[in-house]
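Spelled out from the first residue to the last, the chains are:
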Amino acid sequence: MTQEATGLSDTTYAELREIAARYPQPRSGLLPMLHLVQAAEGRITPEGIEACADILDISAADVSGVATFYTMYKRRPVGEYHVGVCTNTLCAVMGGDAIFERLKEHLDVGNDETTDDGKITLEHVECNAACDYAPVMMVNWEFMDNMTPESATQLVDDLREGAEVRSTRGPRVATWREVERVLAGFPDDLVDEGPAAGPPSLVGLEIAREQGWTAPGQDTTHEEGHQDG
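None of these values were measured; they are calculated from a predicted model.

Draft legend 1. Main features of the confidence of the model for the protein. Mean pLDDT over the protein works out to 90, with 92% of the residues at or above the 70 mark. Element-level mean pLDDT values for the protein span from 50 in helix H9 (residues 221–228) up to 98 in helix H6 (residues 149–161).

See below:
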């Protein structure tokens, strides 16, 4: 297969090769390569699959198997903002289900569907490991904590209107394609923008410091006994 047959730009094709070259085993670069395809194409396209297969010298079936296994890879076009609502147990109990139902009605879309203006793709997602901020949403994988149906509808309205939106524990929200490029390994220099952790996440650490608690040292008794024997 030739570069011209992929439908990808020369720049994207060169960057796919750059990613593959980062790894001792080029195939290890497949995941970030697929993110770069999404950054360029808005989804995983047949052309993108063929390009990755060609560069890594593996079959298109191998690439497609990876692309269909992980839910972060999309086979249909994604909106400018991917809005994920956690509906796992704790978030659901705390209001995640209500938020998701409100957004489906407000945006007139179902799960994994995109609004007519191409701005919002809505999806219910599994646990985001942020239970201390439940119910949690994510916009292009940036956290939105302690949400309500009202704040969620205001959030998507702001996104559709082009207003600047900031994560509660991270930077200002970039577009889907911009974030996909970051996941491919091309930094956007926003890593230090915004707080990385909030007070609820640090409560345990603060209590440990107040009490003088430290992690136990490694138990070497067994090893010493084994050596003596």
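Draft legend 2. The side chain of Glu180, seen in detail. Residue position: Glu180 is located in helix H7 (residues 176–183). Beyond its immediate sequence surroundings of up to four residues, Glu180 is in contact with His35, Leu36, Gln38, Ala39 and Trp141.

Draft legend 3. Representation of helix H5 (residues 89–107) within the structure. Of all the bends in H5, the largest measures some 70° and sits at Gly95. Every buried residue of H5 is listed here: Cys91, Ala92, Gly95, Gly96, Ile99, Phe100, Leu103 and Leu107. In this structure, the buried side of H5 is in contact with strand S1 (81–86), strand S3 (120–125), strand S4 (137–139) and H6.

Draft legend 4. Examining the layout of surface pockets more closely. Space inside the largest pocket adds up to approximately 320 Å³. Taken together, 21 residues form the lining of the largest pocket, with Glu142, Pro171, Asp188, Leu190 and Val191 sitting closest to its centre. When grouped by side-chain class, the residues that make up the lining of the largest pocket number 12 nonpolar, 3 polar and 6 charged. The computed volume of the second largest pocket comes to approximately 160 Å³. Residue lining of the second largest pocket: Thr71, Met72, Lys74, Asn111, Glu123, His124, Val125, Glu126, Asn128 and Trp141, and that is the complete set. Across the lining of the second largest pocket, the residue classes tally to 3 nonpolar, 4 polar and 3 charged.

Draft legend 5. Quick look at the pairing of S1. Within S1, 6 of the 6 residues are buried, which leaves it mostly tucked inside the rest of the structure. Of the two faces of S1, the one carrying Tyr81, Val83 and Val85 and the one carrying His82, Gly84 and Cys86 are both buried. The pairing of S1 with S4 spans 3 bridges and is classified as antiparallel. Paired with Gly84 across the two strands is Met138, which belongs to S4.

Draft legend 6. Summary view of the nonpolar core. In terms of nonpolar packing, the biggest core is built from 25 residues, with Leu16, Met33, Leu34, Cys52 and Val63 touching the most fellow members. Going through the elements one at a time, helix H1 (10–20), helix H2 (30–41), helix H3 (46–56) and helix H4 (60–69) are the ones with two or more residues in this core. The contact partners of Leu34, leaving out residues within four places of it in the chain, are Ile44, Cys52, Val63, Val66, Ala67 and Tyr73. Counting 20 residues, the second-largest nonpolar core is a separate cluster that includes Leu103, Ile120, Met144 and Val156.

Draft legend 7. Geometry of the packing of H5 against H6. Where H5 contacts H6, the axes come no closer than 9 Å and their chain directions differ by 40°. The orientation of H5 with respect to H6, classified from their angle, is oblique. Here H5 and H6 pass one another in a crossing that is right-handed. Contacts between H5 and H6 pair Ala98, Ile99, Arg102, Leu103, His106 and Leu107 from the former with Pro149, Glu150, Ala152, Thr153, Val156, Asp157 and Arg160 from the latter.

Cut-offs and rules
Residues numbered from 1 in each chain as written. Predicted model: local features only at pLDDT ≥ 70, side-chain atom pairs only at ≥ 80, totals over all residues. Heavy atoms only, no water. pLDDT = per-residue confidence, 0-100. Helix = DSSP H or I, 4+ residues; strand = E, 2+ residues; numbered from the N terminus. Contact = heavy atoms within 4.5 Å. Bend = angle between axes of the 7 residues up to and from the residue. Buried < 20%, exposed > 50% of the residue type's maximum accessible area, 1.4 Å probe, protein only. 1 Å grid on protein atoms, 1.4 Å probe; cavity = no way out; pocket = protein on both sides within 12 Å on 5 of 7 lines; lining within 4 Å. Points joined across faces, edges and corners; volume = space filled by probe spheres on them. Nonpolar A, V, L, I, M, F, W, Y, C, P; charged D, E, K, R; others polar. Pairing = 2+ DSSP bridges. Core = buried A, V, L, I, M, F, W, Y, C linked by side-chain atoms within 4.5 Å. Axes fitted to C-alpha atoms, helices over the stretch in contact; angles between N-to-C directions. Parallel < 35°, antiparallel > 145°, perpendicular 65-115°, else oblique. Left-handed = near helix turned anticlockwise from the far one by under 90°.

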